[in-house]
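# Structural overview
Here's the letter readout for the chains.
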Amino acid sequence: MRILIVSSEMAPLAKTGGLADVAGALPLALAGLGHDVAVAMPFYGTIERADRCFDQVLPEIHVDLPAGRRTMAGWQTQLASPLPERPVRVWLLEDAGLFDRPHLYGHGGGDYPDNPLRFGYFCLGVLWMLRGLDWRPDAIIVNDWQTALIPINMRYHPIVSADPWLSRIPVLMAIHNMSYQGMFDGYLIDHLGLPASAFHLDGLEFHGHLNLLKGGIMTSDGLTTVSPTYAREIQLPEFGFGLDGVIRARADCLTGILNGIDVDAWDPATDPALPAHFDAADLTGKAICKQRLQQKFKLPAEPRCPLVGLIGRLVDQKGCDLLVEALPGLLRGQMQFVLLGTGQPGYEDFFRQLARRFPNKVGVRIGFDEKLARQIEAGADMFLMPSRFEPCGLNQLYSLRYGTIPIVRRTGGLADSIVNATARTIEAGKATGFMFTRYDMRYLCAAVRRALRLYRSDPAAWDSLVRNAMAQDFSWRRSAKQYERLLKKIVKMKESLP
């Protein structure tokens, strides 16, 4: 199959979050299955041009919207895939006025005021680029609201919708986080070159506003999200952020596919960031990683003191309010805790104060450091993810790979990737972590204490738990095969339509 993936970011070129990791890994995995895969994304000014070869493939792509004409240039670079004969082409649309800015979306996690137009021009530009290159994909995967205007234009744009070469291409929409919807003032429907007929209850209108994610959901041929449990959760008011009814109406088109990880890049046997290497057959290097991590955070190098790690955004979604309540009490027992992350100032201050209060038990680094993140994944005994909601989550997958036992809330991808350690699952050799259900400090504490108790009382059982965690397969190849089946399904469905 010819497959085009359209994304607003892609690792390693431009990244703000997990979407970039998916957009960088999934194309390679699909190419490894033998497909002809290309990726389209904006050519941001932050992309380092000296790091790789970029060739101009279309000097002029004229994109007209009521706001005016913009002329973009199309560039191409390549990513090496598992099959050398199937490199992944990356097409980048260049427009300095739209994309040469310090941030991808806006300052401090907010939006640039013209984001609807930025991505409106980009999405139309992608479609005109396909025409210019005479490259018609069998299917397109779009990601989140920034690229939702691809299927929206296919349904409503007066030129695109009248062109069967474009409008008949099947589109699969991937939803990575329902809380980001691309909601803007309703009058912008005109600025995007869409007819007033698109602004209605079954289209882009949402309580008088323009909702691009909703429009993408309503106009795509298939829907996917980043875990099976999250696919069920977003049909509930608690997780649907107002669009749960829209998702329920299209539930027959929705499939949850758990994200994968790059098992070559995340391998404790070869990771260059680690002070020692290890695998499930020989965990000696993990003990060395723990000792070095304790030293880095100036904690006593006690090999049998359980070390709990946390990496991530310090925000409510990640369960930081539970940690504020739970950690002071937990730290009165025998455990150490290290943290790497940034987020809300109040939470950053709390963790700094916690380190001052427990200097021999707590190490805190406010910021982000990729090398240190990998060292925490390898050196910690346990990894905390008490998320309020978690569409997929990647850190629990990295933790399993590095033999660091996750302690998670039963939600989203966490529920789909962790087998709760109970007497039965431990005896059966299936347990991979510790899980709690209710979003409550007492339940979090109970899960942590269960983990600490097993670690201290039964080293042999803990060792088996670690080896079982490291044996799990969360490679992208497994996920890519599910995408492959889903894409074939929507292609067949589209072909059957009159």
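In this text, all values refer to a predicted model and were calculated from it rather than measured experimentally.

### Comments concerning the packing of aromatic side chains
Using the criterion set out here, one finds 15 aromatic pairs in the structure. Each ring, one from W91 and one from W135, has its centre 5.1 Å from the other, and the planes form 80°; the classification is edge-to-face. Of this pair, W91 sits in strand β5 (residues 88-94) while W135 sits in the loop between α3 (115-133) and β6 (139-143), placing them 44 residues apart in sequence. Per residue, the accessibility class of W91 equals that of W135, and both read buried. Here the aromatic rings of Y455 and W462 are separated by 5.2 Å at their centres, their planes lie at 85°, and the arrangement is edge-to-face. Neither Y455 nor W462 differs from the other in exposure class; each is buried.

### Concerning the sheet that holds β6
Strand pairing in a sheet relies on backbone hydrogen bonds. The paired strands run either parallel or antiparallel. On the basis of which strands lie adjacent, the open sheet formed by nine strands has the order β3-β4-β5-β2-β1-β6-β7-β11-β12 and mixed pairing. In this open sheet, the two strands that pair with only one neighbour each are β3 (55-65) and β12 (254-256). Put simply, the sheet's adjacent strands are angled 25° from each other on average, direction ignored. Sheet contacts for helix α1 (residues 18-32): β1 (2-6), β2 (36-42), β4 (68-79), β5 and β6; angle to β2, the most-contacted strand, approximately 160°. Its contacts with the sheet place helix α4 (residues 149-156) against β1, β6 and β7 (171-175), and it is angled at close to 125° to β6.

### What about the side chain of S399?
Along the chain, S399 turns up in helix α15 (residues 395-401). At 2.8 Å, the side chain of S399 and the backbone oxygen of N395 are in polar contact. With residues up to four places along the chain from it excluded, the contact list for S399 reads E377, F383, T404 and P406.

### Side note on the nonpolar core
Counting residues in hydrophobic clusters, the biggest one holds 176 residues, and the most contacted among them are L4, I140, F337 and F351. In terms of residue count, α3 provides more of this core than any other element does, 10 residues in total. The residues touching F337, leaving out its near neighbours within four places in the chain, are L299, L307, V308, L310, L327, L331, F351, K361, V362, G363 and L384.

### A short note on the packing of α3 against α4
One way to put it is that α3 packs onto α4 with a least axis distance of 9 Å and a crossing angle of 70°. As far as their axial angle goes, α4 and α3 are roughly perpendicular. In this structure, α3 meets α4 at a crossing whose hand is right-handed. Contacts between α3 and α4 pair P116, F119, G120, C123, L124, V126 and L127 from the former with L149, I150, N153 and M154 from the latter.

Conventions adopted
Residues numbered from 1 in each chain as written. Predicted model: local features only at pLDDT ≥ 70, side-chain atom pairs only at ≥ 80, totals over all residues. Heavy atoms only, no water. Phe/Tyr/Trp six-rings, centres within 6.5 Å; stacked < 30°, edge-to-face > 60°. Helix = DSSP H or I, 4+ residues; strand = E, 2+ residues; numbered from the N terminus. Buried < 20%, exposed > 50% of the residue type's maximum accessible area, 1.4 Å probe, protein only. Pairing = 2+ DSSP bridges. Axes fitted to C-alpha atoms, helices over the stretch in contact; angles between N-to-C directions. Contact = heavy atoms within 4.5 Å. Polar contact = N/O pair within 3.5 Å; in protein donor to acceptor, adjacent residues only side chain to side chain. Core = buried A, V, L, I, M, F, W, Y, C linked by side-chain atoms within 4.5 Å. Parallel < 35°, antiparallel > 145°, perpendicular 65-115°, else oblique. Left-handed = near helix turned anticlockwise from the far one by under 90°.

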